[in-house]
Amino acid sequence: MYAMQGLQSFEIAAIWAVFGVAILGLLYAVFLRSQILREDKGTEKMQEVWNAIKDGADAYLRKQFRSIVPLIIVLTFALFFSVYIVPPSPEALERFEGVDPNTVRLWIGIARALAFVMGAGFSLTVGQIGMRMAVEGNVRVAAASKRSFGDALRIAYRAGTITGMLTDGLGLLGGTVIFIILGIAAPDALLGFGFGGTLLALFMRVGGGIFTKAADVGADLVGKVEAGIPEDDPRNPAVIADLVGDNVGDCAGMAADIFESYEVTIVSGLILGLALWHITGRLEWIIFPLMVRGIGVLSSIIGTYFVRGGTGKSGNAMAAIFSGFLTSAVISAALFFGAGYLYLNNDAMNALGGWWRLPTAVGVGVLLAIVIDRLTEYFTGTHASPVNEIKKAADTGPATLILNGISVGFESSVWSVLVIALTIIASIFIFGTIPGVEGVDRATFILYGVAMTGIGMLTLTGNNVAMDSFGPISDNANGIGEMAWSGKTDKATKDAQQIMADLDAVGNTTKAITKGVAIGSAVIAAVSLFGSFLVDVSRAQTSLGVPPESLISAIGIRVDIPQVFVGMLIGGALPWLFSSFAIQAVARAASLIVMEVRRQFKLGVLDGKVKPDYKQAVDISTTAAQKELVSLALLGIVTPIVVGLLLQVEALGGFLAGIIVSGQLLAVFLNNSGGAWDNAKKLIEDEPRDPKKNLGKGSERHKAGVVGDTVGDPFKDTAGPALNPMIKVVNLVSVIIAPIVVQYAGANGGTRIVVWVVGVLLLGLLAWAVIRSKAPAESLKS
């Protein structure tokens, strides 16, 4: 760090303070863990159900880890050698001034490879420990529901906060350590760090999503629709697989997803900040984003700890959770502007239009998170008209209910895109009006502003992840209570079941909200990475002697060039192919679980003649999920490399533009339509049961709601969430591969033949991934 030119004592102190805040976030997670583990675990029957969930989740994660390790090893070596194909960056040469360029290559290669492993390891740690703490929390929430609504809410939210603080702490720690060691050369390694975290998030999102929804769809179709039994009835052989899936999909998957978004936004911010350092000679563009992240961790600690629910048997969980979020938002906004005034209020920054620009951009990001929060709650919450209209459509059957949900998803996508567009326009107003800045430099300032809004949006990551984990923790607690207290009708049990049902309903909305934030942050991060892509390509072109007026940053991505348009078409199509394969995998596995549950019902499970075999459904879901991990990951890793090598770097830019627009619209549609169907079903289940009036559980309206929910399950919990890390994997791979593509764009003779051979071989690998994804797993064919 001390090798950075012009670093002041205040800046050195600020960086070490950020490092200390990262450690504080991790210590807060340890403190909350000790609190949760002291809580009562309930009756012996509750612990029996809990142990079955715990064993299934642990077994799945162990198998998942063994499946992905070979690809991680291969990519570690690939990232190490990637720095040998192109000359060292000017920043790396300056950081290691006087060192032989080949030695610099070696050091940067080692740094990038180690950062990749660290990013993957941190992402895996966040997912696995976060999921295990969610499992520890769910049985304690069920036990606390016997005491009060407030106790159950407190335990569920704080168990989720552990995951949030791990995400905050490890994300901030990794980025800060890399920056301390490498200084201005940090972006070379941060690309590896972000790629490692993103790739692991993709694995956990895809695998967990397929597992959870295969089990959920199979359990609901046979249990609720065909047999007419409650959702978490212990006689359903797929019920444990369903509860396990909530943890491996929503807890482990979302935690890893938010973690990589947290990293990718800071990676793009520092790359663009480095570009502004070259333009202005000021380090504030690099230091301030790290300070913002430290402020966010402190704000999340304060806001999450004060989420309370009262001492009675009922309460408003959503209001309590949102008040904690707003508390953190207000504290962070005040500290942003305070830090900005103290650090940025100097003559050099005021000459560039004023100190207020950076904290304002961050504040816009926080506002964006709040607006997406409210927008998603409107389209998926139980109190607003969209979900109630879907519920009303159940009167005329599943077809009209599904059509209504699809229309809600379509509309919500439009509003989300408009909100993100307004955010980018805000960056234009903030950074596009700096005196004396024109042309390419102006565009770089604006893209930096977009990156700062992304950093601001994920400032309250601790709150966001806590809100998301709250959902599956409450869902599992509800399931544990349903299974452990089956047949009990005393008032205390009914009150406890109502508390858990209320928390579960709020949990559905908080999951949808955080998925909305994750999707929004994915798009903002992707736009920021697109700016980083332009910067890196321009630098590579400059090193080859391309005149300034011909740089990609000067002429832009021109869609009137045929290969650019082709790249855009391919980019727009990729999210649809990816989603198709993910949903196909759920459908295949769900069909097998349906047949397995029917088989066991025929043996007399419903009548109590034999006990249900929960292990079969867990094994089916696990096998189906593992099969898709590598093939779907290869779609995101290999496709941009093929486009870049065969169609050149301009087409790769078009490819990125296509995937950002198409992926955003599709992800929001899948997330919100699925969440709306789910909550419409829950509204029907909350009605007084009266089959004669077609009300409540067991009615035809309820069956229509279940059909809509099962259609929406792979939308909102498999394909939609997995698009977030997939979009960022594609963007990070493109930023890494772009200088290599530029280096060999004008190659002739043997080198050109080698490039084409590599491209064709990678096309073959893509074909293998497609064929593998469409085929059923060998162990499930029988």
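Scroll up to find the structure.
Let us look at the structure shown here. (Residues numbered from 1 in each chain as written. Predicted model: local features only at pLDDT ≥ 70, side-chain atom pairs only at ≥ 80, totals over all residues. Heavy atoms only, no water.)

With respect to the packing of aromatic side chains
Taken as a whole, this structure holds 24 aromatic pairs when the rule is applied. Seen in terms of ring centroids, Tyr-378 and Phe-379 are 5.0 Å apart; in terms of plane orientation they differ by 80°. Their pairing is edge-to-face. Accessibility expressed as a relative area gives 38% for Tyr-378, which makes it partly exposed. Taking 4.7 Å as the distance between ring centres and 20° as the angle between the ring planes, the aromatic pair formed by Phe-410 and Phe-669 counts as stacked. Of this pair, Phe-410 sits in helix H13 (residues 398–431) while Phe-669 sits in helix H19 (residues 614–685); the two residues are 259 residues apart in sequence, bridging distant segments of the chain. A relative accessible area of 11% means that Phe-669 is categorised as buried. The rings of Tyr-28, Phe-31, Tyr-305 and Phe-306 are connected pair by pair, giving a single aromatic cluster. Lying over the aromatic face of Tyr-262, Arg-293 brings its terminal NZ or CZ to 4.0 Å of the ring centre. If you follow Arg-374 out to its NZ or CZ, it ends over the ring of Phe-322, 3.7 Å from the centre. (Phe/Tyr/Trp six-rings, centres within 6.5 Å; stacked < 30°, edge-to-face > 60°. Buried < 20%, exposed > 50% of the residue type's maximum accessible area, 1.4 Å probe, protein only. Helix = DSSP H or I, 4+ residues; strand = E, 2+ residues; numbered from the N terminus. Lys NZ or Arg CZ within 6 Å of the ring centre and 35° of its normal.)

Let's talk about the packing of helix H1 (residues 9–37) against helix H5 (residues 149–182)
Remark: H1 packs on H5, axes separated minimally by 8 Å, with the N-to-C direction vectors making an angle of 155°. As the angle between them shows, H1 and H5 are arranged roughly antiparallel. Between H1 and H5 the crossing geometry is left-handed. For the contact of H1 with H5, the per-class residue count stands at 23 nonpolar, 5 polar and 2 charged. (Axes fitted to C-alpha atoms, helices over the stretch in contact; angles between N-to-C directions. Parallel < 35°, antiparallel > 145°, perpendicular 65-115°, else oblique. Left-handed = near helix turned anticlockwise from the far one by under 90°. Nonpolar A, V, L, I, M, F, W, Y, C, P; charged D, E, K, R; others polar.)

Observations regarding the packing of helix H8 (residues 284–305) against helix H14 (residues 439–457)
Their axes nearest at 10 Å, the elements H8 and H14 cross at an angle of 15°. What the angle tells us is that H8 and H14 run roughly parallel. Viewed along their axes, H8 and H14 form a crossing whose handedness is right-handed. Contacts between H8 and H14 involve Trp-285, Phe-288, Pro-289, Val-292 and Arg-293 on the former and, on the latter, Phe-445, Tyr-448, Met-452, Gly-454 and Ile-455. Looking at the contact of H8 with H14 residue by residue, the class counts come to 8 nonpolar, 1 polar and 1 charged. (Contact = heavy atoms within 4.5 Å.)

Some thoughts on unusual backbone geometry
Of note, the phi angle at Gln-648 is positive, near 85°, even though the residue is not glycine. Tracing the chain through its elements places Gln-648 in helix H19.

Geometric values such as these leave the question of function open.
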